[in-house]
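A look at the structure
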Amino acid sequence: MSPLSPRPQRLRPFEPAVVAFGSNLGDREATIRAALDDLAATPGVRLDAVSSFLETTAVRPHGIDDLAPRYLNGVAMISTALDPHALLAELQRIEDEHGRVRRERWGDRTLDLDLIAMAGRRVDDDRLVLPHPRAAERRFVLEPWLEVDPDAELPGLGRVDALLARLEESREGRDVAASGREADEGGVS
Ligand code: A4P
Ligand code: MG
């Protein structure tokens, strides 16, 4: 006997997640806009809000690099029925489709999509660390996140407004110590 209706499925509830985006090669704004469209079109993903795009100085493993192409950075709030690893795989697929080449750590890129947090989940394995281990130190993540969610919290680390204030304080301290060196827009890494 053939079933009259589709087989029953257990549907996963949608969970909120935060995706940070960055680009410092090519037509940065066009790439980010196309990537956000791709994200919104991904099955199991809803795009809820997008921050404005910030222009920031590149952060390299050795520090701020004023000579590197500048980034456009921002944050997208999504809801997703995907599990964290499946979502990461979709983010990496979108990066690849927009010409992302992985040559060096923190190297220039057409598109970077990082999963910053997903509800209160903690993950720590070879492929994924959640919350993103460097998010709390990066102004280019915290500032746009706060813009779209003034009550945002980084699981285990506290409110994003407090983390951003702490970052600004330490930055001011560093700027005084460096006696007038221009402030970094890219945060500390
Ligand atoms: N991975 C683990 N956890 C995560 C996560 N939560 N989200 C793994 C995304 N990926 C995660 O990433 C390397 C590996 O991290 C992935 O294979 C994934 O399994 P990648 O995107 O290939 O390389 P990456 O981005 O160069 O490395 P990394 O260490 O993730 O760098 P970040 O922290 O993303 O920093 N300066 C400015 N101004 N703006 C920027 O956006 N971005 C970076 C990259 C450096 N400097 C920047 C900016
Ligand atoms: Mg990345």
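Residues numbered from 1 in each chain as written. Chains lettered and ligands numbered in written order. Predicted model: local features only at pLDDT ≥ 70, side-chain atom pairs only at ≥ 80, totals over all residues.

**Brief notes about the overall build of the protein**
Just so we agree on the cut-off: Under the scheme used here, helices are H or I runs from DSSP no shorter than 4 residues and strands are E runs no shorter than 2 residues, and both carry numbers assigned from the N terminus. Three classes are used. A residue is buried when 20 or more other C-beta atoms lie within 10 Å of its own, exposed when 12 or fewer do, and partly exposed in between, with C-beta atoms placed from the backbone.
Secondary structure assignment for the protein yields four helices and 11 strands. Out of the 189 residues belonging to the protein, those deemed buried represent 32%.

**Brief notes about unusual backbone geometry**
Of note, the amide linkage connecting Leu130 to Pro131 takes the cis form, showing an omega dihedral of -10°. Mapped onto the elements of the fold, Pro131 is located in the loop between strand 9 (129-130) and helix 3 (139-148).

**A look at helix 3**
Within helix 3, seven of the 10 residues are buried, leaving the element largely enclosed by the surrounding structure. Among the residues of helix 3, Arg139, Phe140, Val141, Leu142, Glu143, Pro144 and Trp145 are the ones counted as buried.

**Considering the nonpolar core**
We apply this condition: Put simply, a nonpolar core is a cluster of buried Ala, Val, Leu, Ile, Met, Phe, Trp, Tyr and Cys residues tied together by C-beta atoms within 7 Å. Any two residues are considered in contact once their C-beta atoms, placed from the backbone, lie within 7 Å.
Ranked by internal contacts, the top residues of the largest apolar core, which has 38 residues, are Ala17, Val19, Leu115, Ile116 and Val141. Leave out the neighbours within four places in its chain, and Ala17 touches Ile78, Thr80, Leu87, Leu115, Ala117 and Met118.

**Observations regarding helix 2 (residues 84-97)**
Short version of the rule: Multiplying 1.5 Å by the helix residue count minus one yields the expected span of that helix. By definition, the arc is the one covered by directions from the helix axis to the C-beta atoms.
With 14 residues, helix 2 extends 20 Å from end C-alpha to end C-alpha; this agrees with the ideal 20 Å at 1.5 Å per step. Those residues of helix 2 lying buried are Pro84, Leu87, Glu90, Leu91, Ile94 and Glu95. Buried residues of helix 2, seen end-on, are gathered within an arc of 140° and therefore sit on one face of the element. Exposed residues on helix 2 whose side chains face more than 90 degrees from its buried face are Asp96 and Glu97.

**Focus: the confidence of the model for the protein**
Filter applied, for reference: Here pLDDT means the predictor's own confidence in every residue, given as a number from 0 to 100.
When the pLDDT values of the protein are averaged, the result is 88; 86% of them are 70 or greater. Considering only residues more than four positions removed or in separate chains, one finds that residues 179-189, a stretch of pLDDT under 50, has 28 contacts.

**Considerations on the environment of Arg46**
You can see Arg46 is positioned in strand 2 (residues 45-50). For the pair formed by Arg46 and Ser79, sequence separation is 33 residues and the distance between their alpha carbons is 5.1 Å. Not counting the four nearest positions on each side in its chain, Arg46 is found in contact with Phe14, Ile78 and Ser79.

**Some thoughts on the environment of Gly156**
Relative to the helices and strands, Gly156 resides in the loop between strand 10 (153-154) and strand 11 (158-159). Among the residues examined, Gly156 registers 11 C-beta atoms within 10 Å and is labelled exposed. Sequence separation between Gly156 and Gly120 is 36 residues, and the spatial gap between their C-alpha atoms is 8.4 Å.

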